[in-house]
Amino acid sequence: MVRIQLSTSASARLLLLARVWISLVVCMTAGGVRAHAADAEELARLIDTQIETRLASEGIRPAQPAEDAEFLRRIHLDLHGTVPSRERARQFLTDTTSDKRARLIESLLADARYGQHLADLWQGYLISPLADDATKRGDLLRKWLADQFNAKPWNEIATALLTATGKIEDNPAVTYLIEGRLPRTVPDLTDLASRYLLGVRLNCAQCHDHPFVNFKQEEFWGMAAFFTQIQTPKRAKQVYEKGVVDDPTLTLATLRDAAAIDGFMPRPPTFLGGKALPADAKATPNRVVLAEWLTTPGNPWFARAMVNRTWWRLMGRAIVQPVDDMHEANAPSHPQLLELLTRRFTESGFDLKFLTRAIVSSRAYQRTSRPTEPGEVADKQAALFGRMAIKVLSAGQLYDSLETVCGPATKVTGIDARQGTRWEFTQFFGDSGDPEPTAYRRGIPHLLRQMNSGQFAGRNLDGLVSRLSAADAKSPEATVSELFLAILSRPPSDSELRQAKSYLERVGPPNSGLRELAWVLLMTSEFSLNH
Amino acid sequence: MQPNLNRRSFLTATAAGVSLNGWLGQLAAAAPAGQRPKSCILLWMAGGPSHIDTFDPKPEAPADIRGEFQAIETSVPGIRISEHFPRFAKLMQHAAILRGMSTLESDHKLATYHLHTGYQNRAGAVSFPSLGALVAKELGQREVALPNFITIGRGPQEALTSGFLGPEQQPLTVNDPVRGFDFVEPAGPAEQFARQVELLQGFDAAFHSRYQSAAAETHHSSIERAVRLMNSRQKEAFDLSKEPAGIREQYGPPATAAARPAPGVKISAGERPGSFGQGCLMARRLVEAGVPFIEVVMGDGVGWDTHRDNFPRVRALSQECDMAMAALVTDLKSRGLLDSTLVVWMGEFSRTPQCTGGGRNHWSRAWSSVLIGGGIKGGQVVGKTDRDGASVVERPISVPDFLATVCTILGVDYKRKNRPPGVPRPISLVDTTREIKLLTELL
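So, how was this worked out
- Residues numbered from 1 in each chain as written.
- Chains lettered and ligands numbered in written order.
- Predicted model: local features only at pLDDT ≥ 70, side-chain atom pairs only at ≥ 80, totals over all residues.
- Core = buried A, V, L, I, M, F, W, Y, C linked by C-beta atoms within 7 Å.
- Buried ≥ 20, exposed ≤ 12 C-beta atoms within 10 Å, placed from the backbone.
- Helix = DSSP H or I, 4+ residues; strand = E, 2+ residues; numbered from the N terminus.
- Contact = placed C-beta atoms within 7 Å.
- Nonpolar A, V, L, I, M, F, W, Y, C, P; charged D, E, K, R; others polar.
- Pairing = 2+ DSSP bridges.
- Axes fitted to C-alpha atoms, helices over the stretch in contact; angles between N-to-C directions.
- pLDDT = per-residue confidence, 0-100.
- Expected span 1.5 Å × (residues − 1).

**Q** Account for the nonpolar core, with residues named and values stated.
**A** Ranked by internal contacts, the top residues of the largest apolar core, which has 258 residues, are A518 of chain A together with L43 and V296 of chain B. Considering each element in turn, this core owes the most residues, 12 residues, to helix α11 (residues 310-334) of chain B. Ignoring sequence-local partners within four residues, the contact set of V296 of chain B consists of I41, L43, W44, I152, G153, F276, G279, C280 and A283 of chain B.

Structure, rendered in structure tokens:
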């Protein structure tokens, strides 16, 4: 594998190197997925060696492998953002071949829904909840992101985002640069880029040197200076008419209303870590130079940040917690693992599917989340990735899972659907920012709506129940099993089957009973969680 | 989240096999005896009402600034307000007009966020809670089945959030007070709901015993609290039909009979004249039921954002607002609740002194808010703007000054710190990084 070190020489050379690199990557990916799959398999084993060595050194046994049903539901939620359909669940659970997990992983990664789920997450990160008319523009961005994640490596996606110019309809990547009628502010963009692309929280240093971390106020403003060339038209309409354009004459010193910005400090563009902008890079738009610096394989932040974030979202806990607060004083729980994944992710040409494939193929990912050890040992087992974390379905996962189970949403009274049903739903059930994947954050308002609105009750359930009972005349046991399979992606336990049967007898008319039972299953903790 | 508490309540409820009636049938206790804890009703004027056309009239200014409205005397000699608040003018002895509001944001969303959370939105890692959630956490009572923070009318969702305070303080939203709260009744018959919840209880207990998950506990405890609300008598607070017709009319005409705006003034689909008054009435009922913080939103759609047709719009909005606000204050007073209930009237900013094309644009440098009741020293004006209402010349009030004062009136220590998960520093209720100047003349 060719390695390119971050060179201190001219940016032209850097650009050339980057091009060589990209063409190499293109050759590699075109070369064959098979080699990649083997590499991912190898990396999965290395992950397990790291995790299990550490567990052994602390005298802790890892949990058992997850049952097929647990794995099936988990991998669908993590890679496609929804529970599997009843048909897919049945197919997988009755498959007796030994490589069925690996084949499922491949097929999920190859499906367009993989990119759509990542797009859903990244749209949430990139578009501020304060942005105007988030639906229409958000949808354009979401579609663009989905295509990117399905086909492109992370360095190309990040570059396209960082350097985006033009009008929204021509290049949806610019969407996040324009907040409704206003361009996003320079400090805001600096914070966004540093948290999501570098995995660091520079914003604490906007107004003063970071109290706990080695970030200086001048470093924040040095990075901020890369974003000043984005033109900020005075009137809202111009943002849409002209789109995003770089104006090389704009600097921090010419920033409008700069005096009103907290901690303002006019610094020249300076990369995080202290390196100044090369003199001959002045002709290139600053954002392009920043993207080149960022995605050079030797950059100490870029790959690490994405590795940590990917691990976080799949395993429920990051190697460095919080996920976007990576700095010297905040030690990783598994430093060698982080180093290994960062190196391999970089060598793969920032291939996110490769990284994801490796993680979900590991024994660590495929363990049960069921604790068998008591109290403190169980906590430690979880903290060392010896047992899978139980994650909470995001608003998007909840909505898409409901659609998988019940079919497309019907119009519902009492819900403000002016903005589009999915958008409205995710606004209502969602969290802004980066909620911890394991934190349950819904209260009375959410549960009232979940229990009593037509989205989870009423007509939506009729469709599900009639599909189940129309299939053919089955025994009550078989129908209950199908219902469990449709909603919880697993057959019922003996006790559950008994309870369900006696419930149906108590209710009387089978379809009413099944509808009531479906509601109960949709309300369970199990449905709201990814265990 | 309090996992231990949740775990305990979950286990006692399931292990002891508490009967359905025992679990579901409990009526929430009435408000406790003794000194009444304070409540707050925030009347949110979405869009930003002009200070000059409401509570800081400028009769001396040139016509294009003064505008079309006259100033009238109030019950407090020397304090004058817009002629379109005649009912409220008679209640001025209970109120303080803060004419020195001077804030930093003049975009709707950013300003709405700033005024609600006290912090400027920088898309940072910290998700700040809304004032209602902060107060709800400090003043909420466990024995009240209703959520501690309720919003009425279609509000600015991104600013009406519990942020890092989590699900317990998440606001419950009543979109349309006339229709009531949508999801407080089960979709099917009560008997069916009860047996479904019983089965759910069993399934969840089995899952919990296998997986021991804190998230599952919180999910189940949220269900318990929601069911408790559904079975409480206090949910009647959402049902305005329980209120005598005479009282309902005092708060504002029913939506159908409401005054229509002047011909040629387009009102967008979201706006329903009349529902603000009914929202104020619901707020009073919720205060009686023990809810510490209620926000009533006026001006869904364009609302007070009068870039065009400023005068006919502001006239209609003022009249509706005046009727509702005066009825609320009078009603609270007659029930002995005014001293323990602080009513706050404010928007996200104000509008330009200068009229252009029949409208006024955004203006955050100088504006007014109003505080009523809550035990404050009423009948006064704090702060002063210049002749044209363009800048504050006396007693400027920042967002933190304002929110710290509101907290202090409510008996909440604004310097108290929350420790949000994942944030390496404690965060005080109100931003104290700059010196806070409390409005001590009100206390």
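**Q** Before we move on, can you summarise the environment of D386 of chain B with the specific residues and values?
**A** Residue and element names in this part refer to chain B. Within the secondary structure, D386 sits in the loop between β13 (384-385) and β14 (392-394). The exposure class assigned to D386 is partly exposed, which follows from the 14 C-beta atoms found within 10 Å. The spacing of D386 and N310 is 76 residues in sequence and 22 Å in space, taken between C-alpha atoms. Beyond its immediate sequence surroundings of up to four residues, D386 is in contact with S391 and V393.

**Q** Go over the interface of chain B and chain A with me, naming the residues and quoting the values.
**A** Between chain B and chain A, the contact holds 55 residues from the first and 57 residues from the second. For the side of chain B that touches chain A, the element with the highest residue contribution is helix α7 (residues 190-211) of chain B, accounting for 12 residues. For the side of chain B that touches chain A, a count of residues per class yields 25 nonpolar, 19 polar and 11 charged.

**Q** Describe the sheet that holds strand β5 (residues 149-152) of chain B, naming the residues involved and giving the relevant values.
**A** Within a sheet, each strand pairs with its neighbour through backbone hydrogen bonds, oriented either parallel or antiparallel. Residue and element names in this part refer to chain B. Pairing in this open sheet of eight strands is mixed, and the strands run β6-β5-β7-β1-β8-β11-β4-β12 from one edge to the other. Bordering the open sheet on either side are β6 (172-174) and β12 (380-382), each of which pairs with just one other strand. The sheet shows a mean angle of 20 degrees between the axes of neighbouring strands, direction not considered. Relative to β6, β5 is paired through three bridges, and the arrangement is parallel. Across the sheet, I152 pairs through a bridge with V174, a residue of β6. Relative to strand β7 (residues 293-298), helix α6 (residues 131-139) is tilted by about 160 degrees, and along the sheet it contacts β1 (39-45), β5 and β7. Seen against the sheet, α11 touches β1, β7, β8 (341-347) and β11 (367-373) and runs at an angle of roughly 165 degrees to β8.

**Q** So what's going on with the confidence of the model for chain A? Residues and values would help.
**A** The predicted model of chain A has a mean per-residue pLDDT of 86, with 84% of residues at 70 or higher. The low-confidence segment residues 1-34 of chain A (pLDDT under 50) makes 32 contacts with residues lying over four places distant or belonging to another chain.

**Q** Please provide a residue-by-residue account of helix α17 (residues 395-406) of chain A, values included.
**A** All names here are of chain A. Helix length check: α17 (12 residues) gives 16 Å between terminal C-alpha atoms against 16 Å at 1.5 Å per residue, within 8%. Most of α17 sits out of view: 11 of its 12 residues are buried. Positive phi appears at G407, one or two residues downstream of α17, with a value of about 90 degrees.

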